[in-house]
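# Overview (structure and organization)
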Amino acid sequence: MSNTKSLLKGVAALGFLAALTSTSYAEGFAAGDVAVGEKVFKKCIACHAVGEGAKNKVGPILTNVVGSAAGSVEGYKYGKSLAVAGEAGLVWSEEEIFAYLKNPKKYLRAKLDDKKAKSKMSFRLKKDKDRNNVIAYLKSLGTSN
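Basis of the calculations
- Residues numbered from 1 in each chain as written.
- Predicted model: local features only at pLDDT ≥ 70, side-chain atom pairs only at ≥ 80, totals over all residues.
- Heavy atoms only, no water.
- Helix = DSSP H or I, 4+ residues; strand = E, 2+ residues; numbered from the N terminus.
- Buried < 20%, exposed > 50% of the residue type's maximum accessible area, 1.4 Å probe, protein only.
- Contact = heavy atoms within 4.5 Å.
- Areas by Shrake-Rupley, 256 points an atom, 1.4 Å probe, with all protein chains shown as cover.
- Arc of directions from axis to C-beta.
- Phe/Tyr/Trp six-rings, centres within 6.5 Å; stacked < 30°, edge-to-face > 60°.
- Lys NZ or Arg CZ within 6 Å of the ring centre and 35° of its normal.
- Core = buried A, V, L, I, M, F, W, Y, C linked by side-chain atoms within 4.5 Å.
- Patch = residues over 30% accessible without salt bridge, like charges linked within 9 Å, V, L, I, M, F, W, Y side chains within 5 Å.
- Salt bridge = Lys/Arg side-chain N within 4 Å of Asp/Glu carboxyl O.
- Lys, Arg positive; Asp, Glu negative; His and termini not counted.
- Charge placed at Lys NZ, Arg CZ, Asp CG, Glu CD.

This paragraph deals with the overall build of the protein chain. A count of helical and extended segments in the protein chain gives six helices and zero strands. A total of 145 residues make up the protein chain; the buried ones form 33% of that total. Restricting the contact set of the protein chain to residue pairs at least 6 apart, pairs at least 24 apart contribute 51%. A total accessible area of about 9500 Å² is found for the protein chain, and carbon and sulfur atoms account for 57% of it.

Let us look at helix α5 (residues 104-112). Those residues of α5 not exposed but buried are Pro104, Tyr107 and Leu108. Along the axis of α5, the buried residues cluster in a sector spanning 95 degrees; they form a single face. Residues of α5 that are exposed and angled more than 90 degrees away from the buried face: Lys106 and Ala110. One or two positions beyond α5, positive phi appears at Asp113, with a value near 50 degrees.

Take the packing of aromatic side chains next. Each aromatic ring pair is characterised by the separation of its centres together with the angle its planes make. If you walk through the whole model with that rule in mind, you get five aromatic pairs. Here the aromatic rings of Tyr100 and Tyr107 are separated by 5.5 Å at their centres, their planes lie at 90 degrees, and the arrangement is edge-to-face. By the ring-pair criterion, three or more aromatic residues cluster together here, those being Trp92, Tyr100 and Tyr107. Geometry around Phe98 places Arg131 over its ring, the cationic atom sitting 4.1 Å from the centre.

Before going further, it helps to examine the nonpolar core. In this structure, Phe41, Val65, Trp92, Ile97, Leu108, Val134 and Leu138 are the most contacted members of the largest nonpolar core, which totals 26 residues. Listing elements by their share of this core, those giving two or more residues are α3 (80-87), α4 (94-102), α5 and α6 (128-140). Look past the residues within four positions of Leu138 in its chain and what remains in contact with it is Phe41, Val50, Leu62, Val65 and Val66.

Moving on, we come to a positive patch on the surface. Among the surface-exposed residues, Lys102, Lys105, Lys106, Lys118, Arg124 and Lys126 lie close enough to one another that they form a single positively charged patch. Relative to the helices and strands, Lys105 is located in helix α5. On the basis of relative accessible area, Lys105 is assigned to the partly exposed category, the value being 39%.

Structurally, the position occupied by Ala30 is in the loop between α1 (2-25) and α2 (34-40). For the pair Ala30 and Arg131, spaced 101 residues apart in sequence, the C-alpha to C-alpha distance is 9.3 Å.

Here's what the structure looks like:
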């Protein structure tokens with residue numbers, strides 16, 4: 001009986017630890033609203049295109065970006081730092097996009113452990129809710145996984 005209690009306590013502790021880890025992984029990350037995200041995305045259309053027939057602009061096409069490997073849009077010339085991150089295995093999960101959109105240069109510097117890393121993208125979405133909503137919108141356009 002004591003082995004069963006110990007096992008249950010261990011499972012409960014692991015569950016608690018997993019819950020703590022998942023909520024703190026990307027501070028502020030939560031499910032967003034697709035319709036609101038589509039409106040927020042209008043800030044992005046000067047540089048990015050989405051949907052059928054979209055073409056690369058100053059930034060790459062973002063259709064199916066969620067779950068895709070960083071630096072993988074065909075025909076787009078990525079900056080050196082983002083290309084290195086992609087070669088190192090960076091995948092655009094919702095959490096990674098959330099962190100990147102807050103401050104692309106700071107994100108790449110931390111991700112690559114390179115204080116000289118740069119991002120071609122200077123635009124930032126500072127509000128958590130805006131990032132969450134844009135991610136929901138991008139996810140609604142399709143995913144790579």
